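Here are the chains, one letter per residue:
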Amino acid sequence: MARRSARLLAVLCLAAAPAVAQLRMTEVPIAGPAGVDSLARLGFEVADVRRVNGRLYAVIVTEPRGERRLATVGYLVEPVTIAANATTTPADTYHVFRSFDKPVSGIRATLAAWAAADTLIHVDSIGASLEGRPILAVKIGAAADAPGRPNVLFLGTHHAREWISTEMAMRLIRWLADSLPASQLAARDIWVIPVENPDGYQYTFTTDRLWRKNRRPNGDGTYGVDPNRNYPTFWGVDNSGSSPVTGSEIYRGPSSGSELETQAIVAFHAAHPPVISVSYHSYTGLVLYPYGFRPGELAPDQQVFQALAGTDLAPFVLDSVPASIRTTYHSGPGWTLYPTNGEYTEWAYRTHKTIAYTTELTSGCCTPDSGYYYGFAFPDDSVLVERVFRDNLPFAVLAIQDAGALPVATARVESVWPEVRVSLEAAAPAPASLTVRNASGQLLTRNALADSLWRGRLWYSWRSDVSVDTARAVRVNGAGLTAELISLAGAEDGETGWTGWTRSAEALMGSWSWSATGEDTLTSPSVDLRGRTRIWLQLWNKHRGSIYVPAQRGLVQFSPDSGATWSNVYAVTGDGPGWYPVRVDLPAATGAAGARVRFIATGGISWWVDAVGFASDSTNVFQILTTTASLGVSENPVRGNQVVVSWPVGASAARVGIYTFTGNRLIAATVTPPNNEFVWDLTAGGRRVPNGAYLVVVQVDGKVSRQRLFVVR
Ligand SMILES: [Zn+2]
């Protein structure tokens, strides 16, 4: 996205207490909602978006050094006065929203009253904040927890100003106690922590409505650690996903897990590890899941995360807030918003295998007249707040249901080329090896010790550490999985039949990828898939886009009839600056005579695609290896550059010999099980052997098999 030169308008925060005198609210003119993402990429959190005299401004709370940094990248700084409503000291007199400490109606008092009146609501403190406020955990259902019951956890307000997240949590407590069937309550241990950060939350009611962090004095005049950058997983792995600067809105703290609030959550999880958790934030309208720390990184449990939250093509959570910029919540890995580290869901997932989500509640608005996002300042309107709650209730109920039996994922090959990626059942025995066949029929064996095999909650994810640019088929030995590429395209010169898009030197493999410039459609040539079954589309992609602009997205469509009819099969939104693979199952492609795909970029998304191919799980490319004959050869007479010799796998190592017909031994090799094949490149001693007849002898488990072979190149 082109960087705009813009004026930066700065004001002193009217409510600045001495401790936060360094912080100022600044407004940055932006051309449209996409400007919010540009600022996020620079490390600024946009507190609000407002329209003044017809122009759109992003509101940022930052220090003078942040303003200077903006200036160094092209923004001009100029002070200006600001409407009083956003910065005056908030009074604790809202209709819907309530502070933590407020007598009678505050969060603490309300929970105490509910617990006193309702036998299904139990309130306990799991720790205390720096200012001595309890971090309250509410259990709905039986008072005692049982090890046999799955734990489900809902969290609100890590970030102080995100009041709607606490209201979401409070309404959820009430609804669960009033409306969840008793049988479901009895089958789960359901917990809600409505305010993770009580000091910061209280501060937003008394002093600074847009305060984000907790209230730790950092010893240098600044206050606060970002509680959602302080968790011990991936803590501080870089300075874009969190900041070492004390005054930053995303300051990660002096050490991992340094904050009392973090320690309380860590201890709670050790005692009650949730199967599923949902951490509510605001705003944007999305459901994020691990990973978020590095663009392009996918969790081994990606299929499970998607099974609950849906995809951009079939989202689970709807947004019914009037005039909201989104009608559905985007779901995807955390980095589709922006990278974060030391963040809750990654810690819970990595530490407790919790299927953990961050729900960023709706942006609300823009309303046509004001042009404002509601942003953090969600209206103090019980009807609108209830709508947000109702939009998000089905996902909460689904989490409670699925915590008893997580969705079943499929063991499958995720990508054949150029990097082999495989998802495997954790319950299955660890596979011994991968066999990869390249374009000329040669076989390459990889084993799990040499490559990356990551374990998720349910699944292994196997990434071959070698890129096999010419991989055409893969078999997971011992797991019953094979996949073969039927067609492939990498945007290289000489590949014909593709239309639209341009070639980009930002390639995953080879020299080129396909790149969308503006609104543009890339259409593939037709591929004959007659006789083929179990077909899927593999592609690798990356993208730069804004979740705040729903029109900005990428859509993949499939046609079985050479382009006469098309259907949507995959969609992508947001940011994905690192290459990652996508597998799209295409049941409609079975036996199609004219299979085509097209990639439709809209709304100004930048989108790169490479390593595209139709693949099939039902492949006979390795069939020769399962022959019951004593010896198999891939070709006889041999007309190519090599021949594959195979035999029924034995208990002990096989000895392979290849002889001339006059009895000279050319090749002697030993192959250990479970491998049961040998690729001869038709050379001996580094030289090509002449055409003619040869003898192959394989000894395995005391049995000797012979095969006559003719080479007729
Ligand atoms: Zn937040």
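Being a predicted model, the structure only gives us computed values, none of them experimental.

Cut-offs used in this document
- Along each chain, residues carry numbers from 1 onward, in the same order as the chain's sequence is written.
- Per-residue local features of the predicted model are confined to residues with pLDDT of at least 70, and side-chain atom pairs are confined, for both listing and counting, to 80 or more; whole-chain, interface and lining totals are unaffected and use all residues.
- Computation of side-chain values: all heavy atoms of the structure, hydrogens and water removed.
- Here, any two strands with at least 2 DSSP bridges between them count as paired.
- Working definition: helices are DSSP H or I runs of at least four residues, strands are E runs of at least two. Numbering for both runs from the N terminus.
- Axis definition: a line fitted to C-alpha atoms, limited for helices to the stretch in contact. Angles are taken between N-to-C directions and run from 0 to 180 degrees.
- For Na, K and Ca the donor cutoff is 3.2 Å, while for all other metals N, O and S atoms count as donors only within 2.8 Å; water does not appear among the atoms, so some sites may look incomplete.
- Site shape is set this way: if four donors have all angles between 85 and 135 degrees, tetrahedral; if opposite donors are over 155 degrees apart and all others between 65 and 115, square planar for four donors and octahedral for six; otherwise irregular.
- We place a 1 Å grid over just the protein atoms. Points where a 1.4 Å probe fits but has no way out form a cavity, open points with protein on both sides within 12 Å along at least 5 of 7 lines form a pocket, and any residue with an atom within 4 Å of a point lines it.
- Grid points are joined across faces, edges and corners, and a volume is the space filled by probe spheres set on the points.
- Side-chain classes are defined by residue name, with Ala, Val, Leu, Ile, Met, Phe, Trp, Tyr, Cys and Pro counting as nonpolar, Asp, Glu, Lys and Arg as charged, and the others, Gly among them, as polar.
- Working definition: rings of Phe, Tyr and Trp (its six-membered ring) pair if their centres are within 6.5 Å, and the pair is stacked with planes under 30 degrees apart, edge-to-face with planes over 60 apart, and tilted otherwise.
- Three exposure classes are used, based on accessible area relative to the maximum for each residue type with a 1.4 Å probe and protein chains only: buried under 20%, partly exposed in between, and exposed over 50%.
- Placement of a positive charge over a ring is assigned whenever Lys NZ or Arg CZ falls within 6 Å of the ring centre and within 35 degrees of the normal to the ring plane.
- The criterion used for residue contact is that any of the two residues' heavy atoms lie within 4.5 Å.
- For classification purposes, an angle smaller than 35 degrees is called roughly parallel, one larger than 145 roughly antiparallel, one from 65 to 115 roughly perpendicular, and anything else oblique.
- Should a side-chain nitrogen of Lys or Arg be within 4 Å of a carboxyl oxygen of Asp or Glu, the pair is scored as a salt bridge.
- Among buried residues, those of type Ala, Val, Leu, Ile, Met, Phe, Trp, Tyr and Cys that are joined through side-chain atoms within 4.5 Å constitute a nonpolar core.
- In protein, a polar contact requires one atom able to donate a hydrogen and another able to accept it; more generally it is a pair of N or O atoms within 3.5 Å, and residues adjacent in sequence count only if both atoms are side-chain atoms.
- For a crossing to be left-handed, the near helix must be turned anticlockwise from the far one by less than a right angle; the clockwise case is right-handed.
- By definition here, a helix of n residues has an expected span of 1.5 Å times n minus one.
- The directions considered for the arc are those from the helix axis to the C-beta atoms.

A.B. asks: Teacher, can you tell me more about the sheet that holds strand β38 (residues 692–700) here?
C.D. replies: Working definition: the strands of a sheet are paired by backbone hydrogen bonds and lie parallel or antiparallel to each other. Strand order in this open sheet of four strands is β34-β33-β38-β39, and the pairing throughout is antiparallel. The open sheet terminates on both sides in strands that have one partner only, identified here as β34 (665–671) and β39 (703–711). Taken over all neighbouring pairs, the strand axes of this sheet differ in orientation by 15° on average, direction set aside. Note: strand β33 (residues 654–660) against β38, six bridges, orientation antiparallel. What sits directly across from Gly-657, in β38, is Val-697.

A.B. asks: Hey, could you run me through the sheet that holds strand β9 (residues 189–193) in this one?
C.D. replies: Spatially, β6-β7-β9-β8-β10-β13-β11-β12 is the arrangement adopted by the eight strands of the open sheet, whose pairing is mixed. Each of the sheet's edge strands pairs with one partner strand only, and the pair in question is β6 (121–128) and β12 (330–333). For this sheet the average axis-to-axis angle between neighbouring strands, irrespective of direction, equals 20°. Of the pairings in the sheet, the one linking strand β8 (residues 151–155) to β9 comprises five bridges and is parallel in character. If you follow Leu-155 over to β9, its bridge partner there is Ile-193.

A.B. asks: Is there a simple way to think about the coordination of the zinc ion in this case?
C.D. replies: Around a metal, the ideal angle is 109.5 degrees if four donors adopt a tetrahedral arrangement and 90 or 180 degrees if six donors adopt an octahedral arrangement. Every protein donor of the zinc ion is accounted for by His-159 (ND1), Glu-162 (OE), Glu-162 (OE) and His-281 (ND1), and the metal-donor separations fall at 2.1 to 2.3 Å. Viewed at the metal, the four donor atoms of the zinc ion are separated by angles of 58 to 147°, and the geometry they form is irregular. The motif formed by the donor residues of the zinc ion, counted along the single chain, is H-x2-E-x118-H.

A.B. asks: Hey, could you run me through the layout of surface pockets in this one?
C.D. replies: It is the rolling of a water-molecule-sized probe over the atoms that shows where space remains empty. Empty space within the largest pocket amounts to approximately 770 Å³. Of all the elements in the fold, those that place two or more residues in the lining of the largest pocket are α8 (302–309), β12, β14 (412–415), β15 (419–425), β19 (459–467), β27 (567–572) and β28 (576–585). Residue contributions to the lining of the largest pocket peak at six residues, all from β28. Considered class by class, the residues forming the lining of the largest pocket number 19 nonpolar, 13 polar and seven charged.

A.B. asks: Is there a simple way to explain the packing of aromatic side chains in this structure?
C.D. replies: Aromatic ring pairs are described here by two measures, namely the spacing of the ring centres and the angle between the planes. What the rule picks out here adds up to 31 aromatic pairs. Between Tyr-94 and Trp-163, the aromatic rings sit 4.9 Å apart at their centres with planes inclined by 80°, giving edge-to-face as the arrangement. One end of the pair, Tyr-94, is in the loop between β5 (75–79) and α3 (107–117); the other, Trp-163, is in helix α4 (residues 163–179), with 69 residues separating them in the sequence. Overall, the relative accessible area of 26% leaves Tyr-94 in the partly exposed class. An angle of 90° between the planes, with centres 6.1 Å apart, marks the rings of Tyr-94 and Phe-205 as edge-to-face. Residue Tyr-94 is located in the loop between β5 and α3, and its partner Phe-205 is located in helix α6 (residues 198–206); the two are separated by 111 residues in the primary sequence. Within the aromatic cluster, the residues linked to one another by ring pairs are Phe-234, Tyr-289, Tyr-291, Phe-293, Phe-305, Phe-316, Tyr-349, Tyr-357 and Phe-395. Against the face of Tyr-203 rests Arg-215, its NZ or CZ located 3.6 Å from the ring centre.

A.B. asks: So what exactly am I meant to see when it comes to the environment of Ala-264 here?
C.D. replies: Residue position: Ala-264 is located in helix α7 (residues 260–271). Under the relative-accessibility criterion, Ala-264 is labelled buried at 4%. Residues Ala-264 and Ser-129 lie 135 residues apart in sequence; the distance between their C-alpha atoms is 9.0 Å. Beyond its immediate sequence surroundings of up to four residues, Ala-264 is in contact with Ile-126, Gly-127 and Ile-135.

A.B. asks: Got a minute to help me understand the packing of α3 against α4 in this structure?
C.D. replies: Each packed pair of helices is defined by two parameters, the angle between the axes and the distance between the axes. Contact pair α3 / α4: the axes reach a minimum separation of 12 Å and the direction vectors enclose 5°. Judged by the angle between their axes, α3 and α4 are roughly parallel. Contact residues: α3 offers Ile-107, Thr-110, Leu-111 and Trp-114, while α4 offers Thr-166, Met-170, Ile-173 and Arg-174. Looking at the contact of α3 with α4 residue by residue, the classes come out as five nonpolar, two polar and one charged.

A.B. asks: I keep staring at the pattern of salt bridges and nothing clicks. Help me out?
C.D. replies: Two side chains bearing opposite charge may form a pair once their charged atoms approach each other closely. By the definition in use, this model includes 29 salt bridges. The closest approach of N and O atoms between Arg-133 and Glu-131, which form a salt bridge, is 2.7 Å. Residue Glu-131 is classed as partly exposed on the basis of its relative accessible area of 45%. One salt bridge connects Asp-178 with Arg-174, and the closest N-O pair in it is separated by 2.8 Å. Here Asp-178 and its partner Arg-174 are both found in helix α4, four residues apart, which amounts to about one turn of the helix. Given a relative accessible area of 24%, Arg-174 falls into the partly exposed group. Where salt bridges share partners, they join Arg-98, Glu-167, Arg-171, Glu-386 and Arg-390 into one cluster.

A.B. asks: Would you mind showing me how to read the nonpolar core here?
C.D. replies: Soluble globular proteins: nonpolar side chains tend toward being buried together. One finds Phe-154, Ile-173, Ile-276, Tyr-357 and Phe-395 to be the most contacted residues of the largest nonpolar core, which totals 68 residues. Setting aside residues no more than four positions away along its own chain, Phe-154 makes contact with Leu-172, Ile-190, Trp-191, Val-192, Ile-193, Val-278, Tyr-280, Ala-396, Ala-399 and Ile-400. Of all hydrophobic cores here, the second largest spans 34 residues; its members include Ala-489, Trp-501, Val-569 and Val-609.

A.B. asks: I would appreciate a short explanation of the side chain of Thr-354 in the present structure.
C.D. replies: Within the secondary structure, Thr-354 is located in the loop between α9 (344–352) and β13 (355–362). A distance of 2.7 Å separates the side chain of Thr-354 from the backbone oxygen of Pro-274, its partner in a polar contact. Setting aside chain neighbours within four positions, we find Thr-354 in contact with Pro-274, Val-275, Ile-276, Ser-277, Phe-305, Ala-348 and Tyr-349.

A.B. asks: Would you mind showing me how to read empty space enclosed by the protein here?
C.D. replies: If you walk through the whole model with that rule in mind, you get four cavities of 30 Å³ or more. Of the pockets and cavities examined, the largest cavity occupies roughly 330 Å³. Lining the largest cavity are 31 residues, and of these Arg-229, Leu-337, Tyr-338, Thr-340 and Glu-360 sit closest to its centre. Take the lining of the largest cavity: its biggest share by element is four residues, from strand β10 (residues 274–284).

A.B. asks: Even after reading the chapter, I still don't get the packing of α4 against helix α10 (residues 382–402), so can you show me in this structure?
C.D. replies: Between α4 and α10, whose axes approach to 9 Å, the crossing angle comes to 65°. For the crossing formed where α4 meets α10, the hand is right-handed. Across the interface between the two elements, Ile-164, Glu-167, Met-168, Arg-171, Leu-172, Trp-175 and Leu-176 of α4 pack against Ser-382, Val-385, Glu-386, Val-388, Phe-389, Arg-390, Asn-392, Leu-393, Ala-396, Val-397 and Ile-400 of α10.

A.B. asks: Honestly, α7 in this entry has me stumped. Any pointers?
C.D. replies: Count 3.6 residues to each turn of an α-helix, and residues three or four apart come out pointing the same way. With 12 residues, α7 extends 17 Å between its outermost C-alpha atoms, agreeing within 8% with the 16 Å of an ideal straight helix rising 1.5 Å per residue. When we look at burial in α7, the residues that qualify are Glu-261, Thr-262, Ala-264, Ile-265, Phe-268 and His-269. Considered in projection along α7, the buried side chains sweep an arc of 160° and stay on one side of the axis. Exposed residues pointing more than 90 degrees away from the buried face of α7 are listed as Ala-270 and Ala-271.

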